[in-house]
Amino acid sequence: MSTWANLGLQDSASPLMEQLIFFHDHALLILVMITVLVGYLMFMLFFNNYVNRFLLHGQMIEMIWTILPAIILLFIAFPSLRLLYLLDEINEPSITLKSIGHQWYWSYEYSDFNDIEFDSYMVPTNELSTDGFRLLDVDNRIVLPMNSQIRILVTAADVIHSWTIPALGVKVDGTPGRLNQTNFFINRPGLFYGQCSEICGANHSFMPIVIESVPINYFIKWITN
Ligand code: CUA
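Calculation criteria
- Residues numbered from 1 in each chain as written.
- Predicted model: local features only at pLDDT ≥ 70, side-chain atom pairs only at ≥ 80, totals over all residues.
- Heavy atoms only, no water.
- UniProt positions renumbered as here; feature names shortened; annotations may be inferred.
- Helix = DSSP H or I, 4+ residues; strand = E, 2+ residues; numbered from the N terminus.
- Contact = heavy atoms within 4.5 Å.
- Areas by Shrake-Rupley, 256 points an atom, 1.4 Å probe, with all protein chains shown as cover.
- Lys, Arg positive; Asp, Glu negative; His and termini not counted.
- Charge placed at Lys NZ, Arg CZ, Asp CG, Glu CD.
- Pairing = 2+ DSSP bridges.
- Axes fitted to C-alpha atoms, helices over the stretch in contact; angles between N-to-C directions.
- Salt bridge = Lys/Arg side-chain N within 4 Å of Asp/Glu carboxyl O.
- Buried < 20%, exposed > 50% of the residue type's maximum accessible area, 1.4 Å probe, protein only.
- Patch = residues over 30% accessible without salt bridge, like charges linked within 9 Å, V, L, I, M, F, W, Y side chains within 5 Å.
- Polar contact = N/O pair within 3.5 Å; in protein donor to acceptor, adjacent residues only side chain to side chain.
- Parallel < 35°, antiparallel > 145°, perpendicular 65-115°, else oblique.
- Left-handed = near helix turned anticlockwise from the far one by under 90°.
- Nonpolar A, V, L, I, M, F, W, Y, C, P; charged D, E, K, R; others polar.

If you look the chain up in an unreviewed UniProt entry, it shows as Cytochrome c oxidase subunit 2 from Drosophila arizonae. Recorded in UniProt under Sequence similarities (unreviewed entry), the annotation for the chain is "Belongs to the cytochrome c oxidase subunit 2 family." Per UniProt, the chain has the following entry under Catalytic activity (unreviewed entry): "4 Fe(II)-[cytochrome c] + O2 + 8 H(+)(in) = 4 Fe(III)-[cytochrome c] + 2 H2O + 4 H(+)(out)".

Printed below as a string of structure tokens:
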């Protein structure tokens, strides 16, 4: 999870988030190179005293500085598209979790098993335990097995919500009347925190998501109880 002064991305807990971080760094590197080059050019222009009195056109240089940026943009566009389709790919999920956004809490259904559904509310500050995280912990966590493909179906009962877990690279809108689908793979155990990220009303900030990633045998033990 994010803590104080953590302005960058969180450590990834899934292969897709790892790819997203790689793409972010790639795009940022191109951005820095362009900024430095253009910045240097603009800065040096201030100290230029020479004027070409016979300058009327420059077909060649105009060709170069039109085509070159277009090619540079392709180096961002193609990896971006690759990632977009990678995020949309479904790879034989072993478990399906359905999450439904409400004003203002999430409810979950494990549709592969009978009668496993529950609501997940934020723990209010005055009821928080000493090791709890304020505005981030919930009363009923989602338990999911690590090292397995998980499908997640997202919808909403009232207004648009968004089921967002930064460490897993998951962000899906829950829209009334629609059932959105995505999938992820958690590659380590731990607690992964998320929040609703679609402005959904007065308590939008107070409907967090907590995933408890555990080994598969612990998950089976949890699901059978
Ligand atoms: Cu639900 Cu914002």
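Asks: Help me out: how do you make sense of the overall build of the chain in this one?
Replies: Counting its regular elements, the chain contains three helices and ten strands. Sequence-ordered secondary structure for the chain, helices as α and strands as β, is α-α-β-β-β-β-β-β-β-β-β-β-α. Across its three principal axes, the chain shows a C-alpha extent of roughly 85 × 40 × 35 Å. In the chain, 65% of the contacts between residues at least 6 apart in sequence involve partners at least 24 apart. Put simply, the chain shows about 14,700 Å² of open surface, and 62% of that area lies on carbon and sulfur atoms. Side chains of the chain carry 10 positive and 20 negative charges; the gap between the two charge centres is 7 Å.

Asks: How should the sheet that holds strand β10 (residues 209-214) be read in this particular structure?
Replies: Each strand in a sheet pairs with another by means of backbone hydrogen bonds, the pair being arranged parallel or else antiparallel. If you trace the five strands from one edge of the open sheet to the other, you get β4-β10-β9-β6-β7, paired in mixed fashion. The open sheet has two edge strands, β4 (142-145) and β7 (170-174), and neither has a second partner. The mean inter-strand angle of the sheet, taken between neighbouring strand axes irrespective of direction, is 25°. Sheet analysis places strand β6 (residues 161-165) next to β7, joined by five bridges and oriented antiparallel. Residue pairing for β7: S162 is matched across the bridge by D173.

Asks: Would you mind showing me how to read the UniProt feature "domain: Cytochrome oxidase subunit II transmembrane region profile" (unreviewed entry) in the chain here?
Replies: Here the UniProt feature "domain: Cytochrome oxidase subunit II transmembrane region profile" (unreviewed entry) sits at residues 1-91. Strand forms 0% of residues 1-91 and helix 67%; the C-alpha atoms that close the span are 26 Å apart.

Asks: What should I look at first to understand the pattern of salt bridges in this one?
Replies: Working definition: two side chains of opposite charge can pair if their charged atoms are close together. The full count for this structure, using the stated rule, is two salt bridges. Measuring nitrogen to oxygen at the nearest pair gives 3.3 Å for the salt bridge that ties E212 to R141. Of this pair, E212 sits in strand β10 while R141 sits in the loop between β3 (117-120) and β4; the two residues are 71 residues apart in sequence, bridging distant segments of the chain. Here E212 falls in the partly exposed class, since its relative accessible area comes to 25%. When salt bridges with common partners are traced through the structure, they connect D137, R141 and E212 into a single cluster.

Asks: Help me understand a negative patch on the surface, please; the structure alone is not making it clear to me.
Replies: On the surface, D115, E117, D119 and D139 cluster together to form a negatively charged patch. Structurally, D119 is set in strand β3. What makes D119 partly exposed here is its relative accessible area of 34%.

Asks: Even after reading the chapter, I still don't get the UniProt feature "transmembrane region" (unreviewed entry) in the chain, so can you show me in this structure?
Replies: This chain's UniProt record puts "transmembrane region" (unreviewed entry) on residues 27-51 and 63-87. Helix makes up 76% of residues 27-51 and strand 0%, whereas the separation of the span's terminal C-alpha atoms amounts to 36 Å. Annotated as residues 63-87, this span is 100% helix and 0% strand, and its ends, taken at the C-alpha atoms, are 36 Å apart.

Asks: Looking at this structure, how should I read the side chain of H204?
Replies: Topologically, H204 is positioned in the loop between β9 (190-196) and β10. Polar contacts involving the side chain of H204 include one to the main-chain carbonyl oxygen of E198, which spans 3.0 Å.

Asks: Before we go on, may I ask you to explain the packing of helix α1 (residues 15-45) against helix α2 (residues 59-88) in this structure?
Replies: Any two packed helices are characterised by the angle at which their axes cross and by the distance between the axes. With their axes 11 Å apart at the nearest point, α1 and α2 run at an angle of 170° to one another. Relative to α2, the element α1 is oriented roughly antiparallel. Viewed along their axes, α1 and α2 form a crossing whose handedness is left-handed. Together, L16, Q19, L20, F23, H26, I30 and I34 of α1 and I72, F75, I76, P79, S80, R82, L83, L86 and L87 of α2 make up the contact between the two elements. For the contact of α1 with α2, the per-class residue count stands at twelve nonpolar, three polar and one charged.

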